[in-house]
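Chain and residue survey
If you want the building blocks of each chain, they are given just below.
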Amino acid sequence: MTMSSFEALEAECLHQFGVALRKSDCRGSCIKLTWLRDLKENLHLTGEIGIQRYVKCHIMLLIGTILFGDKSGAGVHWKFLPLLREFGSIIQYSWGSACLAHLYRALCWASRVDCKEIDGPLTLLLGWAWIRLPYLSPVPREPRSFPLANMWRNWERGDRRYRYMKLADFRKAFDEFQEGEFVWVAYAVDRMDPNIIPAEIYMHSVVWSATVPLVSFECIEWHATDRYRRQFGFIQGVPHEERNLDKAHGEVLTDPKNLNWAMAPTHYSWVMHWKNRYRHILSELPMPSQHPLDTYMHWYRGKFGNRLILSNLVGEENDEGNQDLD
């Protein structure tokens, strides 16, 4: 559910934190982070209720900054707050897939020509890039750390070289990129000590490859795992046609919306698809008669070849004209 009523928000805060916030502590349907920080500092950690309120406050701050932050960096949408009502059930939600949905949406919007900034869980994006493109990453300071992004905590203290790298340095690294330098199966036992990632996470690793919509309230993004099968240890074949999410893909909460998204006409079928995610996990393809990479590259060049040729021409003109293109 998402609700736009201030009275409902006030009642929710009173129920969960024992404190009712004022209208000045909100920005539309968002709770100001300053209110949450002040509340967290003043909570008394005496008894189970006090500790739970403190943890809920901390989770809301994580949601509003690291996990689902927006460009303002000033508030967190209160739609997440009801998910924290039952303290023992918080861990049962698929926070990872929702986080990934927000990252995909942020990347989608950032690709538009008129977009100047990006928001969303950028720690996740950096962690993904640094694990799979190690030649682009700073030297990990804590290689046996979990969560994995903590490997680079305070990296600037130990890797002075990386601190002074410029955009041109990264472009040069991409230009010199060699086959085999991309780490496809990043969490395999030969790449990652199995004792670092908790066993309960590995237990559900089969669902990582599910080709499904990722759902977080109004936000729906497609998890196109059939387009990067090698990331799950499979041979890459010709992927399926792109899925058209239609109106569900452009849905935003800029206007008041009192809605149960699971039942919304634009979202219902996608939510049901997600619920059946174990039916959509990848499996190994039958071995084709010719080399699978040849088949894939023939499809890729047929679909994207002209764009690649155009980008190469633009690059050559750019070199000759001595101009910089982003």
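What counts and how
- Residues numbered from 1 in each chain as written.
- Predicted model: local features only at pLDDT ≥ 70, side-chain atom pairs only at ≥ 80, totals over all residues.
- Heavy atoms only, no water.
- Helix = DSSP H or I, 4+ residues; strand = E, 2+ residues; numbered from the N terminus.
- Pairing = 2+ DSSP bridges.
- Contact = heavy atoms within 4.5 Å.
- Axes fitted to C-alpha atoms, helices over the stretch in contact; angles between N-to-C directions.
- Phe/Tyr/Trp six-rings, centres within 6.5 Å; stacked < 30°, edge-to-face > 60°.
- Buried < 20%, exposed > 50% of the residue type's maximum accessible area, 1.4 Å probe, protein only.
- Salt bridge = Lys/Arg side-chain N within 4 Å of Asp/Glu carboxyl O.
- Domains from an automatic or database assignment.
- Buried area = accessible area lost by both parts, 1.4 Å probe.
- Polar contact = N/O pair within 3.5 Å; in protein donor to acceptor, adjacent residues only side chain to side chain.
- Nonpolar A, V, L, I, M, F, W, Y, C, P; charged D, E, K, R; others polar.

The name recorded for the chain in an unreviewed UniProt entry is Aminotransferase-like plant mobile domain-containing protein, from Arachis hypogaea.

**Regarding the environment of K247**
Inspection of the secondary structure puts K247 in the loop between β5 (219-222) and α9 (268-275). Spatially, the C-alpha atoms of K247 and R153 are 40 Å apart, while their sequence positions differ by 94 residues.

**Some remarks on the sheet that holds strand β2 (residues 30-32)**
Taken together, three strands build an open sheet; the order of strands is β1-β2-β3 and the sheet is antiparallel. Here the strands that pair on one side only, and so sit at the sheet edges, are β1 (26-27) and β3 (75-77). Two elements, β1 and β2, share two bridges in a ladder whose sense is antiparallel. Residue pairing in the sheet places C26 in a bridge with I31 of β2. Most of the contacts of helix α3 (residues 47-67) go to β3, to which it runs at about 100 degrees, and overall it touches β2 and β3.

**Some words on the packing of aromatic side chains**
On inspection of all chains with the given rule, the structure shows 20 aromatic pairs. Geometrically, the ring pair formed by F17 and W35 is edge-to-face, given 6.1 Å between the ring centres and 65 degrees between the ring planes. Here F17 is found in helix α1 (residues 6-17), whereas its partner W35 is found in helix α2 (residues 33-42), with 18 residues between them in sequence. Of the two residues, F17 and W35, neither departs from the other in class, the shared state being buried. A centroid spacing of 5.3 Å and a plane angle of 65 degrees characterise the contact between W130 and W152, whose relative ring orientation is edge-to-face. Here the residue W130 occupies a position in helix α5 (residues 122-132), and W152 occupies one in the loop between α5 and α6 (160-163), the gap between them amounting to 22 residues. Accessibility classification places W130 together with W152 in one group, the buried group.

**Let's talk about unusual backbone geometry**
Residue P147 follows F146 across a cis peptide bond; omega there is 0 degrees. By secondary structure assignment, the location of P147 is in the loop between α5 and α6. Notably, N154 is not glycine yet its phi reads approximately 55 degrees, a positive angle. If you trace the backbone, N154 turns up in the loop between α5 and α6. Of note in this structure, F217 is not a glycine but carries a positive phi near 55 degrees. Judged by its relative accessible area of 14%, F217 falls in the buried class.

**Focus: the pattern of salt bridges**
By the definition in use, this model includes eight salt bridges. Ionic pairing is found between E12 and R85, a salt bridge with its closest N-O pair at 2.7 Å. Taken as a pair, E12 in helix α1 and R85 in the loop between β3 and α4 (95-110) lie far apart in primary sequence, 73 residues in all. Under the relative-accessibility criterion, E12 is labelled buried at 7%. Owing to a relative accessible area of 40%, R85 belongs among the partly exposed residues under this scheme. With a closest N to O distance of 2.9 Å, K79 and E218 form a salt bridge. Linking K79 in the loop between β3 and α4 with E218 in the loop between β4 (213-216) and β5, this pair joins segments that are 139 residues apart in sequence. Pair check on accessibility: K79 and E218 agree, each one buried. One network of salt bridges, in which partners are shared, links R227, E242 and K303.

**Some words on the pairing of β5**
Of the two faces of β5, the one holding C219 and E221 and the one holding I220 and W222 are both buried throughout. In the sheet, β4 pairs with β5 via four bridges, with the strands oriented antiparallel. In the sheet register, P213 faces β5, and the bridge partner there is W222. Counting the residues that bridge the hairpin from β4 to β5 gives two residues, and of these F217 lies at a positive phi of roughly 55 degrees.

**Looking at the domain arrangement of the chain**
Structurally, the chain comprises domain 1 (1-92), domain 2 (94-192) and domain 3 (205-303). The gap between the C-alpha centroids of domain 2 and domain 3 is 22 Å. If you look at the interface, domain 2 gives 15 residues, while domain 3 gives 20 residues. In this assembly, domain 2 packs against domain 3 so that about 1400 Å² is buried in total across both faces, 62% of it on carbon and sulfur atoms. Taken together, the links from domain 2 to domain 3 amount to one salt bridge. On inspection of domain 2 and its partner domain 3, the count reaches four residue pairs in polar contact (both at pLDDT 80 or more). Those elements that place two or more of their residues in the side of domain 2 that touches domain 3 are α4 and α5. Examining the composition of the side of domain 2 that touches domain 3, we find that nine residues originate from one element, α4, more than from any other. In terms of residue class, the side of domain 2 that touches domain 3 is made up of 10 nonpolar, three polar and two charged.

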